[in-house]
Amino acid sequence: MKLQKLHIKNFKSIVDLEIVEPNPFTVFVGPNGSGKSNIFEALEFWNLGHRFSDSESIVSMFGGTNSIVHYNYPLTDSKIIVNVGRYKITAYSNATLMRKYDFGYAADERINWEDWVGKSEEYKLFIENFSRIFVAHEEIEKLRLGGNSKLSLSASNLEGVLKRVLANTKKREEILGWLELFIPGFTNVEIVSSELSSIDTLVMYDKSFTKPFTKDLLSDGTFNTLALLTAVYQADKPQFLCLEEPENGLHPQVIRELVSFFREACQNGHYIWLNTHSQTLVDCLTTDEIILVDKIKGETQVKQLKGRSLSNIPASELWLSGALGGGVTW
């Protein structure tokens, strides 16, 4: 399975953007306000359109009719087109003179849609197993997920999902191993359920303390690390994960180890896309993994660096100097 192309037209700050044969592990690099999150939000729009049939509700989730399209092109259709393997699957929002939008989706005529939905691992990867994660940002959450099947965008249901994941012995051992590497003094993490209320409580143990820490005592970086690991381990099959600013609150060495972790996960079939403006994270990347994002005259634009040589110069130095194009904020 391979994502051949992503084409986004007239979605928020994006007028016409095309990404060809992106790596499973891809990082969108650019300054604040350049439109990195809008790329992930367009994919979320595409995904929800294929999962739910209520077009009016989908439009309202993304801020209503005036928020979907670029302000310079208010009467132009929005389209998000994903080419998967030999097929093309589109989500669109049709603009009318009444400024109303009708959301819909279309598939390449070569697809037997019902058969594809029922049997295709490609469908499950890009539709059923898609997640956009921006830890602790409940204000942009479109669907407030509960339960333990999948993390919500803000990871507000972390306890339920992590409890299920830790019940798998192999996954538990791997997660504890990563946490020992990432968090000084870490010894264990558990989800404790109250017998009276059935409320799940996250507790973490440190070798320097006799009592565990509850979630409200954890640092932002520790909680972020737990959420990122849970996102990757939450499904038994490959996923398409869009992780926003995963470096938040993390030590530079942890950021470097997480990049290795994400790469390894992608070798097992995942698509993991990040967005960042972290110098440390950028320095861990190859040019095949970098997509530069910039906003020029109000329009988000991207540049792929596949195959480009950096001549042993740190990627962040070239990015922040503007030598690669995109990234400078002045």
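Our subject is the structure that appears above.
Everything numeric in this text was worked out from a predicted model, so none of it was measured.

**Let's talk about the packing of aromatic side chains**
Any aromatic ring pair is given by two values, namely how distant the centres are and how the planes are angled relative to each other.
Right, on to step 1. Going through the model one piece at a time under the given rule, you end up with 16 aromatic pairs.
Right, on to step 2. Aromatic pair Phe-126 and Tyr-271: ring centres 5.7 Å apart, planes at 55°, arrangement tilted. Residue Phe-126 is found in helix 5 (residues 121-128), and its partner Tyr-271 is found in strand 12 (residues 271-276); the two are separated by 145 residues along the sequence. Assigned by exposure class, Phe-126 and Tyr-271 land together as buried.
Right, on to step 3. By relative accessible area, which is 3% here, Tyr-271 ends up buried.
Right, on to step 4. One aromatic cluster is present, formed by Phe-28, Phe-40, Phe-126, Phe-130, Phe-240, Tyr-271 and Trp-273 through successive ring pairs.
Right, on to step 5. Against the face of Phe-62 rests Lys-142, its NZ or CZ located 4.8 Å from the ring centre.

**Observations concerning the pattern of salt bridges**
Right, on to step 1. Applying the stated criterion across every chain, the model contains 14 salt bridges.
Right, on to step 2. Between Arg-263 and Glu-289 there is a salt bridge, with its nearest N and O atoms 2.7 Å apart. One end of the pair, Arg-263, is in helix 9 (residues 252-267); the other, Glu-289, is in the loop between helix 10 (279-282) and strand 13 (290-296), with 26 residues separating them in the sequence.
Right, on to step 3. According to the relative accessible area criterion, Arg-263 is partly exposed, its value standing at 25%.
Right, on to step 4. One salt-bridge network, held together by shared partners, links Lys-12, Glu-41, Glu-44, Arg-132, Lys-142 and Glu-244.

**Comments concerning helix 6 (residues 158-166)**
For an α-helix, the turn length of 3.6 residues means that residues three or four places apart are oriented alike.
Right, on to step 1. With seven of nine residues buried, helix 6 is to be regarded as a mostly interior element.
Right, on to step 2. Three or more residues of helix 6 are buried, namely Leu-158, Glu-159, Gly-160, Val-161, Leu-162, Val-165 and Leu-166.
Right, on to step 3. Looking at the packing, one finds that the buried side of helix 6 touches helix 7 (169-182), strand 8 (186-193), strand 9 (200-206) and helix 8 (220-233).

**Looking at the nonpolar core**
Right, on to step 1. Counting residues in hydrophobic clusters, the biggest one holds 57 residues, and the most contacted among them are Val-189, Leu-226, Phe-262 and Ile-272.
Right, on to step 2. Within the second largest apolar cluster, 39 residues are counted, among which are Ile-58, Val-59, Val-84 and Trp-116.

**Here's the deal with the side chain of Lys-124**
Right, on to step 1. Within the secondary structure, Lys-124 is located in helix 5.
Right, on to step 2. Glu-121 provides the closest opposite charge to the buried, unpaired Lys-124, separated from it by 4.6 Å.
Right, on to step 3. In this structure Lys-124 touches Val-117, Gly-118, Lys-119, Asn-129 and Lys-237, once residues within four positions along its chain are discounted.

**Some points on the packing of helix 6 against helix 7**
When two helices pack together, their arrangement is given by the angle between the helix axes and the distance between those axes.
Right, on to step 1. In the contact formed by helix 6 and helix 7, the axes pass within 7 Å of each other and the chain directions differ by 115°. With respect to each other, helix 6 and helix 7 are oriented roughly perpendicular. Side by side, helix 6 and helix 7 meet where Leu-162, Val-165 and Leu-166 of the first sit next to Lys-171, Arg-172 and Ile-175 of the second.
Right, on to step 2. Here the contact of helix 6 with helix 7 is composed, by residue class, of four nonpolar, no polar and two charged.

**Some points on the packing of helix 8 against helix 9**
Right, on to step 1. Their axes nearest at 11 Å, the elements helix 8 and helix 9 cross at an angle of 10°. Judged on the interaxial angle alone, helix 9 and helix 8 are roughly parallel. Judged by residue contacts, Leu-228, Leu-229, Val-232 and Tyr-233 of helix 8 engage Leu-258, Phe-261, Phe-262 and Ala-265 from helix 9.
Right, on to step 2. Residue classes in the contact of helix 8 with helix 9 are distributed as eight nonpolar, no polar and no charged.

Conventions used here
- Residues numbered from 1 in each chain as written.
- Predicted model: local features only at pLDDT ≥ 70, side-chain atom pairs only at ≥ 80, totals over all residues.
- Heavy atoms only, no water.
- Phe/Tyr/Trp six-rings, centres within 6.5 Å; stacked < 30°, edge-to-face > 60°.
- Helix = DSSP H or I, 4+ residues; strand = E, 2+ residues; numbered from the N terminus.
- Buried < 20%, exposed > 50% of the residue type's maximum accessible area, 1.4 Å probe, protein only.
- Lys NZ or Arg CZ within 6 Å of the ring centre and 35° of its normal.
- Salt bridge = Lys/Arg side-chain N within 4 Å of Asp/Glu carboxyl O.
- Contact = heavy atoms within 4.5 Å.
- Core = buried A, V, L, I, M, F, W, Y, C linked by side-chain atoms within 4.5 Å.
- Lys, Arg positive; Asp, Glu negative; His and termini not counted.
- Axes fitted to C-alpha atoms, helices over the stretch in contact; angles between N-to-C directions.
- Parallel < 35°, antiparallel > 145°, perpendicular 65-115°, else oblique.
- Nonpolar A, V, L, I, M, F, W, Y, C, P; charged D, E, K, R; others polar.

By themselves, these figures tell us nothing about what the structure is for.
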